[in-house]
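If you want the building blocks of each chain, they are given just below.
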Amino acid sequence: LMSLQEFRDYVANSDVNFDSLSNDEKRQWRETFDKSRQQAPAGAVLNAFRWTNEGKFAKDEGNYFPTDGFGKYVLKRQGVINEVFSAIHSQLHLQPFNSTSVYLSGCRGMGKTSDLMLIASDLKSKDWEVFFFSTAAAIPKSAGAELKDYALRHKNKKIAVMVDDVGSNPESHLFIDLLKGQLPNVLTVGAAVPRFAPTNITAVFRKILRTSDLVLKESDEDVLDLIEYWKGKEVASPEMVVHVSIFLLNHCGGHVYPVLAFMEYVFTHPEAKEYLADEKEFRRHFFSQTFVRSTIYRQVCSRCFDDGMAIEPNSAKTVSRVLSGREEDNDIGTLTRMGWWDSEKQDVLSALLLNACLNYVKFTDPTPMYLDQNFSQEQNLENLIIEGLYAMEPHELTCATNASGWPVENALSFNWAFRVKARFINVHLEFQKTFPRKLVDFYVNGNIDAGLEMLRNATQTVKDGAREQSQDIDEHLERFLTRSYNVDRFALLNFAMNAKEAIVLPRDDAHHDKVYTYQHSTNSLYRGKTLIRAPAVAKLPCPAPIPIAKLEEDRVVPERLTGRKRGLG
C-alpha cells in the first residue's frame, strides 16, 4: 500500500488536477497506478523511498521546514542527532555493525518529523544509504524483502531507515524485521506521539528519546543561535530580545513548535515595536484575551493540544488531580501517552499546556455567571475569588505535594481557576507558572485587568532582615508595591489550611483590603479582618454560616444570567 501523497504525485505527473477528479475517476486512476506498481522491477518499490538531500532539506540555504516552516530559520538539533549517534557509536567500526534502533517519543509539535529529516540529511552527508517513510502506513509489503536483499548485497554499506508515525502500521513485516535486528548494517529511527504507538512496537526499540530529550533548553546551540538571529532583526533592544526569547522558552517548556511559532509572531508582527517597548507591555499583550483569541495562538493549540483534548475531554481534570498530588492510577500514564508529561522533571510539559487545559474548560454551571462591565474592577476581582472558591469540591482542597514537588498552593490555585472557568462565561485567566519570582500567579483579563497571587498558610515577616519564607505575605505584597509584578490592580488569596489558622495580614494595615483569607477550619472567607462569606465552600460544613441576605447587603453579588446574555465583555 502506498501513501495518498504518492498516488497524488502519480496523477500530477500526467498533468491532471487530482482534486478535480470525481470518485469514479480516482478509482480508475488508482487501478492504473496499482498495475504500474505490480509491473515495476524488483527493488523499484524501495527505491521510491530513497532519501536524497537535493531539494529536500538544505540547512545551509535557510529554507523552511518542508511541511511546517518557521519563517526563514531552521534548527540544527545537534543534541538530538548526537543522541542517535550515541546509540550506534560503539558499533560503527564493526563490519557489519550490529543493527539497532532509536525511537523519538513526544507530543505533537515537538519537532519529531523535522528531527527525522535532519537526522536523514546528516546521515546522508556521511555516506549512509537512507530510506525515509513519512508514515509507517506507507511501507509497502515488498519493502522488507527488498531491504533485506539490499542489505545482504551491500554488507559494507551503512543503511538507515527513517519511519514517522510508527503506530500507523504495527503489522508491517519490514518493521518486525528491523526491530528484531535481523538485517545487518541497519539503523532504524522511528517517531510517534506515544498515544498512537502500540507498546508492543515501541518497547522493542533499543533506545528511546522522550520529551525531556527533545525539548529545547537554554543551553542549546539552537536557542543561542535563535536569540542572535532575532537580535539581528533589530525589532527591539538586545536585552528585550533575550528576555522575550527566554520567557517564551520557559513558558512553552521548550516545546519546539510553540517556541518558534510564537517567536516568529512576536518579532515580526506589525505591532511588535509597541508591545516590545518594555517587559510590562509584552506580558500584558501575551497574557491578554486578545492574544489568546489570535490566529497564532489558536494555530499553536490546534497543532499541539486540541486533538488530545478532544480524545481526552477530561484532560483538565486529569492535570488537576496530578498537580494536586491525588492522581488516580492511570493519570500519569494518560499524560505520558499524550506526550504531556516530562518524566525527567516529573512535571507537566509547560505553563502553555496548563492554560490550554484551562481554556478548554467550558462553563457548566446550570445558571452561569458573568463579570459585569458596570462593576468596578475591584468588585469583579472579589467576585471571582468568592464564587470560584464557593464552587470548589472538598477534595480539591485536600492537596498534597506531588511527585514533582509542585507547590501545593499552585495546585490549589489551579483547582480554583478550573471552577472559575466552569462558572463564569466571560472571564479570561492566564496561569503564569513560568518564572516563579517574576510573574504573578494569575493574570486576569476581561472586564478586569489585574493580578492574583495565591498563598498557602501565609506567614508574616517577624522583623526587618528576617530570613525570607516562601509564603511570606509581606514579601509577596512587596512584589506588587515595587512593581516587580508589573500589574496595577491586585489581590492576594491565602488558603489558611491549618487547624485554627489565624488571619495573617501584612504589617502595613493600609493594604489589608488586598488580602483575602480562606480559613479552612471554619470554612469562612475574609477580606482583611472582615468576614465576607460563610460557608466559603458550598459543599463543606460551616460552624457559623452568614445568612445570604446579610451577605448581599455587604457586597455586590455578580448577577446571574437570565433570559439573555447581558453585560458581556
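Residues numbered from 1 in each chain as written. Predicted model: local features only at pLDDT ≥ 70, side-chain atom pairs only at ≥ 80, totals over all residues. Heavy atoms only, no water.

**Side note on the overall build of the protein**
Defined as follows: The secondary structure listing takes helices from DSSP runs of H or I that are at least 4 residues long and strands from runs of E that are at least 2 residues long, numbered from the N terminus. Summary of the burial criterion: residues with accessible area below 20% of their type's maximum are buried, those above 50% are exposed, and those between are partly exposed, where the area comes from a 1.4 Å probe applied to protein chains only. We call two residues contacting when some pair of their heavy atoms lies within 4.5 Å. Here, Shrake-Rupley sampling with a 1.4 Å probe gives the accessible areas, and only protein chains in the shown set may cover a residue.
When helices and strands are counted, the protein shows 23 helices and 14 strands. Residues counted as buried form 54% of the 569 residues belonging to the protein. Restricting to contacts in the protein with at least 6 residues of sequence separation, those with at least 24 account for 70%. Just so you have it, the protein exposes about 25,400 Å², and 48% of that area is on carbon and sulfur atoms.

**Quick word on the pattern of salt bridges**
Pairs may arise between side chains of opposite charge once their charged atoms sit close together. Just so we agree on the cut-off: Each reported salt bridge corresponds to a side-chain nitrogen of Lys or Arg within 4 Å of a carboxyl oxygen of Asp or Glu.
Following the criterion strictly, the structure yields 22 salt bridges and no others. The partner of Glu 129 in a salt bridge is Arg 50, and the shortest N-O contact between them spans 2.9 Å. One end of the pair, Glu 129, is in strand β2 (residues 129–133); the other, Arg 50, is in the loop between α3 (44–47) and α4 (78–86), with 79 residues separating them in the sequence. In this structure, Arg 419 engages Glu 396 in a salt bridge whose closest nitrogen and oxygen atoms are separated by 2.8 Å. Note that Arg 419 is positioned in helix α21 (residues 408–423) and Glu 396 in the loop between α20 (377–390) and α21, a separation of 23 residues in sequence. For the pair Arg 419 and Glu 396, one class covers both residues: buried. Each of the salt bridges in this network shares a partner with another, and the network as a whole consists of Arg 50, Lys 124 and Glu 129.

**Thoughts on the pairing of strand β1 (residues 100–105)**
Going by this rule: When DSSP locates at least two bridges between a pair of strands, those strands are taken to pair.
In terms of burial, β1 is a largely internal element, six of the six residues being buried. Of the two faces of β1, the one carrying Thr 100, Val 102 and Leu 104 and the one carrying Ser 101, Tyr 103 and Ser 105 are both buried. Where β1 meets strand β4 (residues 186–192), six bridges bridge the pair, whose relative direction is parallel. Residue pairing across strands places Val 102 opposite Val 189, the latter belonging to β4. Pairing between β1 and strand β5 (residues 207–209): three bridges, direction parallel. From the neighbouring strand, Tyr 103 faces β5, where its bridge partner is Ile 208.

**Overview of the pairing of strand β11 (residues 489–496)**
Among the eight residues that make up β11, seven are buried, leaving the element largely enclosed by the rest of the structure. Note that β11 and strand β12 (residues 515–519) share five bridges and pair parallel. From the neighbouring strand, Leu 493 faces β12, where its bridge partner is Tyr 516.

**A word on the packing of helix α11 (residues 238–251) against helix α14 (residues 279–286)**
Rules: Fitting a line to C-alpha atoms yields each axis, with helices limited to the stretch in contact; the angle taken between N-to-C directions then spans 0 to 180 degrees. Left-handed describes a crossing in which the near helix is turned anticlockwise from the far one by less than a right angle; the clockwise case is right-handed. Amino acids are sorted into nonpolar (Ala, Val, Leu, Ile, Met, Phe, Trp, Tyr, Cys and Pro), charged (Asp, Glu, Lys and Arg) and polar (every other residue, Gly among them).
Look at α11 against α14: their axes get within 11 Å of each other, and the N-to-C directions meet at 35°. Judged by the sense of rotation from one axis to the other, the crossing of α11 with α14 is right-handed. Where α11 abuts α14, its residues Met 240, His 243, Val 244, Phe 247, Leu 248 and His 251 lie against Glu 279, Phe 282, Arg 283 and Phe 286. Considered class by class, the residues forming the contact of α11 with α14 number six nonpolar, two polar and two charged.

**So, the sheet that holds β11**
Taken together, the seven strands give an open sheet; going across it, the order is β8-β9-β10-β11-β12-β13-β14, and neighbouring strands pair in mixed fashion. Edge strands, defined here as strands with exactly one partner in the open sheet, are β8 (428–431) and β14 (530–533). Taking the axes of each pair of neighbouring strands and ignoring which way they run, one obtains an average angle of 25° across the sheet. Pairing between strand β10 (residues 449–456) and β11: seven bridges, direction parallel. By the bridge assignment, Ala 450 is partnered in β11 with Arg 489. Helix-sheet contacts for α20 involve β9 (442–445), β10, β11, β12, β13 (524–527) and β14, and the interaxial angle to β11 is about 25°.

**As for the sheet that holds β5**
Taken in spatial order, the five strands line up as β2-β3-β4-β1-β5 in an open sheet, and their pairing is parallel. Strands with a single pairing partner mark the edges of an open sheet, and in this sheet they are β2 and β5. Averaged over all neighbouring strand pairs, the angle between strand axes comes to 15°, with direction disregarded. Bridge analysis of β2 against strand β3 (residues 159–164) gives five bridges, and the strand direction is parallel. Bridge assignment links Phe 131 to a residue of β3, and that residue is Val 161. Along the sheet, α4 makes contact with β1, β4 and β5, crossing β5 at roughly 170°.

**What about the packing of aromatic side chains?**
Put simply, the rule reads: Here is the rule: rings of Phe, Tyr and Trp (six-membered ring for Trp) pair when centre to centre is within 6.5 Å. Planes less than 30 degrees apart are stacked, more than 60 are edge-to-face, and the remainder are tilted.
Taken as a whole and judged by the stated rule, the model has 23 aromatic pairs. Both rings, one in Phe 247 and one in Phe 287, keep their centres 5.8 Å apart while their planes meet at 90°; by these two values the pair is edge-to-face. Separated by 40 residues along the polypeptide, Phe 247 in helix α11 and Phe 287 in the loop between α14 and α15 (289–292) bring together distant segments of the chain. Phe 287 matches Phe 247 in its accessibility class, with the two residues each being buried. Between Phe 305 and Trp 340 the ring centres are 5.9 Å apart and the planes differ by 80°, which places this aromatic pair in the edge-to-face class.

**Quick look at the environment of Cys 252**
Structurally, the position occupied by Cys 252 is in the loop between α11 and α12 (256–268). Judged by its relative accessible area of 0%, Cys 252 falls in the buried class. If sequence neighbours within four positions are ignored, Cys 252 has contacts with Pro 258, Val 259, Phe 262, Ser 350 and Leu 352.

**Notes on helix α22 (residues 473–481)**
Keep this limit in mind: In the analysis that follows, any N or O atom pair within 3.5 Å is treated as a polar contact, provided that within protein one partner can donate a hydrogen and the other can accept it, and provided that, for residues neighboring in sequence, both atoms belong to side chains.
Of all nine residues in α22, seven are buried; the element is thus mostly enclosed. Regarding α22, the residues found buried are Ile 473, Asp 474, Glu 475, His 476, Leu 477, Arg 479 and Phe 480. Close packing links the buried residues of α22 with β10, β11 and β12. Put simply, Asp 472 is the residue that caps the front of α22, since its side-chain oxygen is 3.0 Å from the backbone nitrogen of Asp 474.

**What to know about the confidence of the model for the protein**
Using the following cut-off: pLDDT is a residue-level measure of predictor confidence that goes from 0 to 100.
Per-residue pLDDT for the protein has a mean of 79; in total, 79% of the residues score no lower than 70. This model gives residues 38–42 a pLDDT under 50, and the stretch forms one contact once residues within four places in sequence are excluded. Within the model, pLDDT remains below 50 along residues 560–569, and this stretch shows 26 contacts once partners closer than five positions in the same chain are excluded.

**Description of unusual backbone geometry**
Trans peptide bonds make up most of the peptide bonds, and negative phi angles are found at most residues other than glycine. The linkage connecting Ala 534 with the following residue, Pro 535, adopts the cis geometry, with an omega of 5°. Mapped onto the fold, Pro 535 is located in the loop between β14 and α23 (548–554). One non-glycine residue with positive phi stands out, namely Glu 234, at about 55°. Note on placement: Glu 234 falls in the loop between α10 (221–231) and α11. One non-glycine residue, Asn 523, lies in positive phi territory at about 50°. By the secondary structure assignment, Asn 523 is in the loop between β12 and β13. Asn 523 gets classed as buried once you look at its relative accessible area, which sits at 1%.

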